[in-house]
Amino acid sequence: MTKKFVSIFLALAMCLTLAAPAFAETPTKDEPEYDEIVVFSDTISGDGVQPLSALTNEERIQQAREGVLALNLGKMGFSYIEEACLSELKRFSEEDSIILQEYTVLIPKNRAATPRYLDTYKDVDVYFDEVSKGGYGRIYGKEYHRELVQWIAGTIDFLVSISGGSMFSLPWSAVSTLNGIPTLFDQFEEDEMTKSATFNFTTQAFYAKDGNTYKNVLNREYGTARCILQCIFIDTKVGGFTYNLPEQQVPEITKLNYETYKNYLIIAWGAYVNNYSAPLEFPIWTSVTLDWTTP
């Protein structure tokens, strides 16, 4: 039996549990707030971007979509969750450089048929909830001889910057020391470095109350990012190696970070009043910048 059908059968089995009484108990403080239903899961390689199975990314996303639809969330009063998940998966399908590893739907344990009230901005009531979690890898691109020569010479450092989070630079000396690379070696035009990252994300969906319905206006992922550098040097004294950078946090939106919180509140309001046909999407990878900086 393939993983696709295992996932869907598990999802359908969970539906029996999800169809709990409308007045299900609210979880205690130490209990998780959500039931987690994995609708797709498959392994990828350590670099986060190479599938280990024959599934294409289109097939991965389609299986996740079928898993979401199999839950019949609308019939259980969770249309707002289904809407956000399908929008997110549609965005995945439009990105050429990501490989989906896992997708999980989050169902509130208290079986709330509406998202949670967040705030009001200019007479628009904004609601939110966490609707999904999962993992994927993404290729950011390549660097070539010109930049690598400067990095090795120490005139530039590799920069990792997290929007709303940390920022640090990586000198070549740190990479060469860890990988036992000699101080002197020949450099060639064909030398290159691939920049990629793996992400574990949770999606916060934002809604505007529109009469008796809740319109999904914005989806934002937060979680962790692990950036990976894959270097290939022609000189056999160096050869090819992979450097894993420390895992970084991409923070969620809370009132503790009021300016960021207010900005997203305004964005959600704007998406509603302008009647956008689809929710705005803020994937976790857009919070990560991989670039060069001067030491």
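These numbers were taken from a predicted model, which means no experiment stands behind them. (Residues numbered from 1 in each chain as written. Predicted model: local features only at pLDDT ≥ 70, side-chain atom pairs only at ≥ 80, totals over all residues. Heavy atoms only, no water.)

1. Observations concerning helix H2 (residues 57-70)
Now for step 1: For H2, with 14 residues, the first-to-last C-alpha span of 20 Å sits near the 20 Å given by 1.5 Å per residue.
Now for step 2: Just past H2, the residue Asn 72 takes up positive phi, approximately 50 degrees. (Helix = DSSP H or I, 4+ residues; strand = E, 2+ residues; numbered from the N terminus. Expected span 1.5 Å × (residues − 1).)

2. Structural notes on the confidence of the model for the chain
Now for step 1: Of the residues in the chain, 87% reach a pLDDT of 70 or more, and the chain-wide mean stands at 87.
Now for step 2: Here helix H1 (residues 3-18) stands out as the element of the chain with the lowest mean pLDDT, 42, in contrast to helix H4 (residues 145-153), whose mean of 96 is the highest.
Now for step 3: The low-confidence segment residues 1-26 (pLDDT under 50) makes 38 contacts with residues lying over four places distant or belonging to another chain. (pLDDT = per-residue confidence, 0-100. Contact = heavy atoms within 4.5 Å.)

3. Some words on the packing of aromatic side chains
Now for step 1: Overall, the coordinates contain 23 aromatic pairs when judged by the stated rule.
Now for step 2: Taking the centre distance of 5.5 Å and the plane angle of 75 degrees together, the rings of Tyr 121 and Trp 269 count as edge-to-face. Within this pair, whereas Tyr 121 is found in strand E3 (residues 116-121), its partner Trp 269 is found in helix H6 (residues 258-273), the two being separated by 148 residues in sequence.
Now for step 3: On the accessibility criterion, Tyr 121 (19% relative accessible area) is buried. (Phe/Tyr/Trp six-rings, centres within 6.5 Å; stacked < 30°, edge-to-face > 60°. Buried < 20%, exposed > 50% of the residue type's maximum accessible area, 1.4 Å probe, protein only.)

4. A few points about the pairing of strand E4 (residues 124-143)
Now for step 1: Of all the 20 residues making up E4, 14 are buried; the element is thus mostly covered by neighbouring parts of the structure.
Now for step 2: Across seven bridges, the pairing between strand E2 (residues 98-108) and E4 is antiparallel. By the bridge assignment, Thr 104 is partnered in E4 with Lys 133.
Now for step 3: As judged from the five bridges shared by E3 and E4, these two strands associate in the antiparallel manner. Looking at the pairing, Tyr 117 lines up with Tyr 127 of E4.
Now for step 4: Two successive antiparallel strands, E3 and E4, enclose a turn made up of two residues, where Lys 122 displays a positive phi of approximately 50 degrees.
Now for step 5: Note: E4 against strand E7 (residues 192-210), 16 bridges, orientation antiparallel. (Pairing = 2+ DSSP bridges.)

5. Brief notes about the nonpolar core
Now for step 1: Grouped together as the largest cluster of nonpolar side chains are 57 residues, with contacts concentrated most on Tyr 103, Val 105 and Trp 151.
Now for step 2: Counting residues in each nonpolar core, the second largest holds 15 residues, with Phe 206, Val 217, Leu 218 and Ala 271 among its members. (Core = buried A, V, L, I, M, F, W, Y, C linked by side-chain atoms within 4.5 Å.)

6. Digging into the packing of H2 against helix H3 (residues 79-93)
Between two packed helices, both the angle of their axes relative to each other and the distance between the axes serve to describe the pair.
Now for step 1: Following both chains from N to C, one finds H2 and H3 inclined at 175 degrees, their axes separated by 10 Å at the closest point. It follows that H2 is roughly antiparallel to H3 by the angle criterion. Together, Asn 57, Ile 61, Ala 64, Arg 65, Val 68 and Leu 69 of H2 and Glu 82, Cys 85, Leu 86, Leu 89, Phe 92 and Ser 93 of H3 make up the contact between the two elements. (Axes fitted to C-alpha atoms, helices over the stretch in contact; angles between N-to-C directions. Parallel < 35°, antiparallel > 145°, perpendicular 65-115°, else oblique.)

7. Thoughts on the pairing of strand E5 (residues 157-162)
Now for step 1: Where burial is concerned, most of E5 is hidden: six out of the six residues are buried.
Now for step 2: One ladder, built from six bridges, connects E5 with strand E12 (residues 288-293); its direction is antiparallel. Counterpart to Leu 159 in the pairing with E12 is Asp 291.
Now for step 3: Of the pairings in the sheet, the one linking E5 to strand E6 (residues 167-170) comprises four bridges and is antiparallel in character. Looking at E6, one finds that Val 160 is bridged to Phe 168.
Now for step 4: Connecting E5 to the antiparallel partner E6 that follows it, the hairpin turn spans four residues, and Gly 164 within it adopts a positive phi of roughly 75 degrees.

8. Side note on the sheet that holds E5
Now for step 1: Strands sit in the order E6-E5-E12 across an open sheet of three strands; the sheet is antiparallel. Both outer strands of the open sheet, E6 and E12, are each paired with one neighbouring strand and no more. Sheet twist, expressed as the average angle between the axes of neighbouring strands with direction ignored, equals 25 degrees.

9. A word on the pattern of salt bridges
Now for step 1: The full count for this structure, using the stated rule, is 14 salt bridges.
Now for step 2: A salt bridge links Arg 60 to Asp 42, with the nearest nitrogen and oxygen atoms 3.0 Å apart. Taken as a pair, Arg 60 in helix H2 and Asp 42 in the loop between strand E1 (34-41) and H2 lie far apart in primary sequence, 18 residues in all.
Now for step 3: The exposure class of Arg 60 is buried, given its relative accessible area of 0%.
Now for step 4: Residues Lys 237 and Asp 235 are paired through a salt bridge, measuring 3.0 Å at the closest nitrogen-oxygen approach.
Now for step 5: Among the charged side chains, a salt-bridge network with shared partners connects Glu 88, Arg 91, Glu 95, Glu 221 and Glu 281. (Salt bridge = Lys/Arg side-chain N within 4 Å of Asp/Glu carboxyl O.)

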